[in-house]
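Chain and residue survey
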Amino acid sequence: MLLNLIETLLSTLKDVLPIALILFGFQIFVIRRPIANLKNVVIGFVYVIIGLTFFLVGLEKALFPIGRLMADQLTSPDFIFGDSAAVPDVVNWMDYYWVYIFAFAIGFSTTIAEPSLMAVAIKANDVSGGAIGVWGLRIAVALGVAIGISLGTYRIVSGLSMHYFIITGYIFVVIQTFYAPKMIVPLAYDSGGVTTSTVTVPLVAALGLGLAESVPGRNPLLDGFGLIAFASLFPVMSVMAYAQLSEYMNKREKKSAK
Amino acid sequence: MKNAFWALFKSMAASLRDLAPIIIVVVFFQLAVFGQPLPNLAELLMGLLFVVLGLTFFIYGLEMGLFPIGESMAHAFARKGSVLWLIIFAFSLGFGTTIAEPALIAVAAEAASVAANGGVIEATLNAKQSYANGLRYTVALSVGFAIVLGVIRILKGWSIQYMIIGGYCLVVLMTVFAPKEIVGIAYDSGGVTTSTITVPLVTALGVGLASSIRGRNPMIDGFGLIAFASLLPMIFVMAYGMVI
């Protein structure tokens, strides 16, 4: 356990070091001004490093093993077709219903715990003067990831080509962009990128590869990838939908107040 | 002192609440769906405690260190008025944070073996290594350019829609022509580039810039940097696949 902590601490330091060098280098040589509240900033950095270290070790100890185990169990033919039944050559996509439910649930719950999404939600709440709620945004993004990942698992099972899903998704995003409140659009585009980091990616990758290995006729190298793309596309839509919905509710409230 | 403890306790409770959905999902599936006990319960609880502690510290550090320095540097660059230095800074931030990203290193290695199996490159260690490195530099360059592009957009006040939609069109067009093996990796590489430390910094930079330039709205102009950072890698990686 202790060894784990030290190892992770070192690798986190290695990740943070180039960033710190760039920040402090530019501050000293280009901006040439002392940093305001230097003590606080340094303590803040130390907290971030300690926090990430504990977070990663904890995930590695508690969450990832059981998550991978469950992905394996869920996708194994024994679980899906019963112990004795033979695996058919052509699978019916409905047989995998537990996989879709699990994909939805794990996509939602890991996104709620994603630290970079918290950072963006805090900032958006600040900047919008409270108009965009921290929880509203987080739940909207989490729903988007959940829908995206369960559709992605359906794609792996059915073997449909990924391009059609992604391209249809893009078309939806473009249409929504013209109708959504202007204020939300950049934030919605951003939310695609922030959803997939420390917590979601390892679990989702395990699910995708496990599924592509066990469904007959799928190639893990071609079909195992792509879940992350789904998880970054759908939040864009769900965040815009969230803004459209709250705008609509506001309008209705105003109408009924008159 | 008592207040500090109370604040710490409260934020730990908040972290626990953030993790509750995962715990519920895992316990439900393990017990109700698979009908099996939870393995290594002690280690599980210990790990959970670590996750809660880590999340609490991270959020504290975010508001104390990462957000303030990102914003104060954005303000300083805006006051200084040197666009060139700002662009160099934006590029190094994007490139520097991506090149060492562990998730990217893993994906690049994976992609190299896919390419070797597909016969795109020779199946030797050397060829794979150079392919993976090439891919890493490609992605890091693309993130560097993405942050630069996003910063220029904030300075000029261009609207983001047309740039992103144009980018999507390019992605769709390139999907048709790029080798099949690279497409999945290219789509995924957009998601893996943005790490837990980069996101808060880049967000603070964008919002800070937009709020210190007259006529820019931090909500409309400040966000969007991360969107570029996840779009451009897709385009660059597919281009890499087409060139090799």
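Here the structure is a predicted model, which means the values were calculated and not measured.

1. Thoughts on the overall build of chain B
On a plain count of helices and strands, chain B comes out with 10 helices and 0 strands. In chain B, the succession of α and β elements from N to C terminus is α-α-α-α-α-α-α-α-α-α. Along the first, second and third principal axes, the C-alpha set of chain B runs to 55 × 55 × 30 Å. Going through the 244 residues of chain B one by one, you find that 52% of them count as buried. Within chain B, residue pairs in contact and separated by at least 24 positions form 78% of the contacts whose partners lie at least 6 positions apart. Here chain B has roughly 10200 Å² of accessible surface; of this, 69% comes from carbon and sulfur atoms.

2. So, a nonpolar patch on the surface
A contiguous nonpolar surface patch, about 460 Å² in accessible area, is contributed by L2(A), I6(A), L9(A), L10(A) and L13(A). The class for L2(A) is exposed, based on a relative accessible area of 61%.

3. Notes on the environment of T194(B)
Within the secondary structure, T194(B) sits in the loop between α7 (180–192) and α8 (198–212). Between the C-alpha atom of T194(B) and that of F67(B), which follows or precedes it by 127 residues, the distance is 16 Å.

4. Focus on the domain arrangement of chain A
As a measure of interface size, the accessible area lost when the parts come together is often cited. Residue and element names in this part refer to chain A. According to the domain assignment, chain A contains domain 1 (1–74) and domain 2 (85–257). The centre of domain 1, based on its C-alpha atoms, is set 26 Å off from the matching centre of domain 2. The interface of domain 1 with domain 2 comprises 10 residues on the first partner and 11 residues on the second. A buried area of about 920 Å², summed over both sides, lies between domain 1 and domain 2, and 89% of it is on carbon and sulfur atoms. Summed over the shared surface of domain 1 and domain 2, the result is 0 residue pairs in polar contact (both at pLDDT 80 or more). Here the side of domain 1 that touches domain 2 is composed, by residue class, of 8 nonpolar, 1 polar and 1 charged.

5. A word on the packing of aromatic side chains
The geometry of an aromatic ring pair comes down to the distance between the two centres and the angle between the two planes. Summed over all chains, the structure comprises 22 aromatic pairs over all chains. Note on F102(A) and F29(B): the rings are 4.9 Å apart at their centroids and 75 degrees apart in plane angle, and the pair reads as edge-to-face. Within this pair, whereas F102(A) is found in helix α4 (residues 97–112), its partner F29(B) is found in helix α1 (residues 2–33), the two belonging to separate chains. Both residues of the pair, F102(A) and F29(B), count as buried. Considering the side-chain rings of F145(B) and F236(B), the 6.1 Å spacing of their centres and the 40 degrees angle between planes classify their relative orientation as tilted. A residue pair is termed long-range when its members are at least 10 positions apart, and F145(B) in helix α5 (residues 125–156) and F236(B) in helix α10 (residues 225–243) qualify at 91 residues. Among the aromatic residues, those joined into a cluster by ring pairs are Y97(A), W98(A), F102(A), F28(B) and F29(B). When the ring centre of F67(B) is taken as origin, the NZ or CZ atom of K123(A), which lies over that ring, is 4.3 Å away. Above the plane of the ring of W135(A) lies R138(A), whose end atom (NZ or CZ) is 4.4 Å from the centre.

6. Side note on the interface of chain B and chain A
Contacts between the two partners involve 91 residues from chain B, matched on the other side by 91 residues from chain A. For the pair chain B and chain A, the summed buried surface comes to about 8200 Å²; carbon and sulfur atoms form 81% of the total. It is F50(B), Y168(B) and M219(B) that lose the most area in chain B upon contact with chain A, and together they represent 8% of the buried surface on that side. Viewed at the interface, chain A and chain B are joined by 2 salt bridges. We note a salt bridge from D18(B) to R138(A), for which the minimum N-O separation is 2.9 Å. Broken down by element, the side of chain B that touches chain A gets its largest block of residues, 28 residues, from helix α2 (residues 41–80) of chain B. Counted by class, the side of chain B that touches chain A contains 61 nonpolar, 19 polar and 11 charged residues.

7. What to know about unusual backbone geometry
Its identity as a non-glycine residue notwithstanding, R32(A) has a phi of 50 degrees, on the positive side. With respect to the element layout, R32(A) can be found in the loop between α1 (2–31) and α2 (38–75).

8. Describing the side chain of R155(A)
Residue and element names in this part refer to chain A. Residue position: R155 is located in helix α6 (residues 134–158). In this structure R155 comes out as buried when scored by relative accessible area, which is 4%. Among residues more than four places away in sequence, those in contact with R155 are L160, S161, M162, F165, D223, F225 and F230.

9. Brief notes about the confidence of the model for chain B
Per-residue confidence for chain B averages 86 on the pLDDT scale, and 99% of its residues sit at or above 70. At the level of chain-chain contacts, confidence expressed as ipTM amounts to 0.85, with global pTM at 0.87.

10. Comments concerning helix α6 (residues 160–177) of chain B
For α6(B), which comprises 18 residues, the first-to-last C-alpha distance of 26 Å matches the rise-based estimate of 26 Å (1.5 Å per residue) to within 8%. Considered for burial, the residues of α6(B) that qualify are I160(B), Q161(B), I164(B), I165(B), G167(B), Y168(B), V171(B), M174(B) and T175(B). In the core, the buried residues of α6(B) are packed alongside α7 (162–179) and α8 (185–194) of chain A together with α5, α7 and α10 of chain B.

11. Here's the deal with the pattern of salt bridges
Per the stated rule, a full pass over the model turns up 3 salt bridges over all chains. Notably, a salt bridge pairs D18(B) with R17(B), separated by 4.0 Å at the nearest N-O pair. Salt bridges sharing common partners tie together R138(A), R17(B) and D18(B).

12. Quick notes on the nonpolar core
Ranked by internal contacts, the top residues of the largest apolar core, which has 159 residues, are L23(A), I184(A), L187(A), Y189(A), M240(A), F89(B) and Y187(B). Domain assignment of the residues forming this core places at least three in each of domain 1 (1–74) and domain 2 (85–257) of chain A. Those residues in contact with L23(A), other than ones at most four positions away along the chain, are F45(A), I69(B), M73(B), F89(B), L93(B) and L201(B).

13. Some remarks on α2(A)
With 38 residues, α2(A) ought to run about 56 Å at 1.5 Å a step, and its terminal C-alpha atoms sit 51 Å apart, in line with that. For α2(A), the principal kink sits at E60(A) and spans about 45 degrees.

14. Quick look at the environment of R79(B)
Within the secondary structure layout, R79(B) lies in helix α2. Taking the C-alpha atoms as reference points, R79(B) and S212(B), separated by 133 residues in sequence, lie 8.2 Å from one another.

15. Overview of the layout of surface pockets
By volume, the largest pocket is sized at about 1200 Å³. Forming the boundary of the largest pocket are 44 residues, of which V201(A), P202(A), E101(B), P102(B) and A103(B) lie nearest the centre. Only α1, α2, α9 (200–214) and α11 (227–257) of chain A together with α4 (102–117) and α7 of chain B provide two or more residues apiece to the lining of the largest pocket. Here the lining of the largest pocket is composed, by residue class, of 21 nonpolar, 15 polar and 8 charged. Mapping the lining of the largest pocket onto the domain boundaries places at least three of its residues in each of domain 1 (1–74) and domain 2 (85–257) of chain A.

Rules used in this analysis
Residues numbered from 1 in each chain as written. Chains lettered and ligands numbered in written order. Predicted model: local features only at pLDDT ≥ 70, side-chain atom pairs only at ≥ 80, totals over all residues. Heavy atoms only, no water. Helix = DSSP H or I, 4+ residues; strand = E, 2+ residues; numbered from the N terminus. Buried < 20%, exposed > 50% of the residue type's maximum accessible area, 1.4 Å probe, protein only. Contact = heavy atoms within 4.5 Å. Areas by Shrake-Rupley, 256 points an atom, 1.4 Å probe, with all protein chains shown as cover. Patch = residues over 30% accessible without salt bridge, like charges linked within 9 Å, V, L, I, M, F, W, Y side chains within 5 Å. Salt bridge = Lys/Arg side-chain N within 4 Å of Asp/Glu carboxyl O. Domains from an automatic or database assignment. Buried area = accessible area lost by both parts, 1.4 Å probe. Polar contact = N/O pair within 3.5 Å; in protein donor to acceptor, adjacent residues only side chain to side chain. Nonpolar A, V, L, I, M, F, W, Y, C, P; charged D, E, K, R; others polar. Phe/Tyr/Trp six-rings, centres within 6.5 Å; stacked < 30°, edge-to-face > 60°. Lys NZ or Arg CZ within 6 Å of the ring centre and 35° of its normal. pLDDT = per-residue confidence, 0-100. Expected span 1.5 Å × (residues − 1). Core = buried A, V, L, I, M, F, W, Y, C linked by side-chain atoms within 4.5 Å. Bend = angle between axes of the 7 residues up to and from the residue. 1 Å grid on protein atoms, 1.4 Å probe; cavity = no way out; pocket = protein on both sides within 12 Å on 5 of 7 lines; lining within 4 Å. Points joined across faces, edges and corners; volume = space filled by probe spheres on them.

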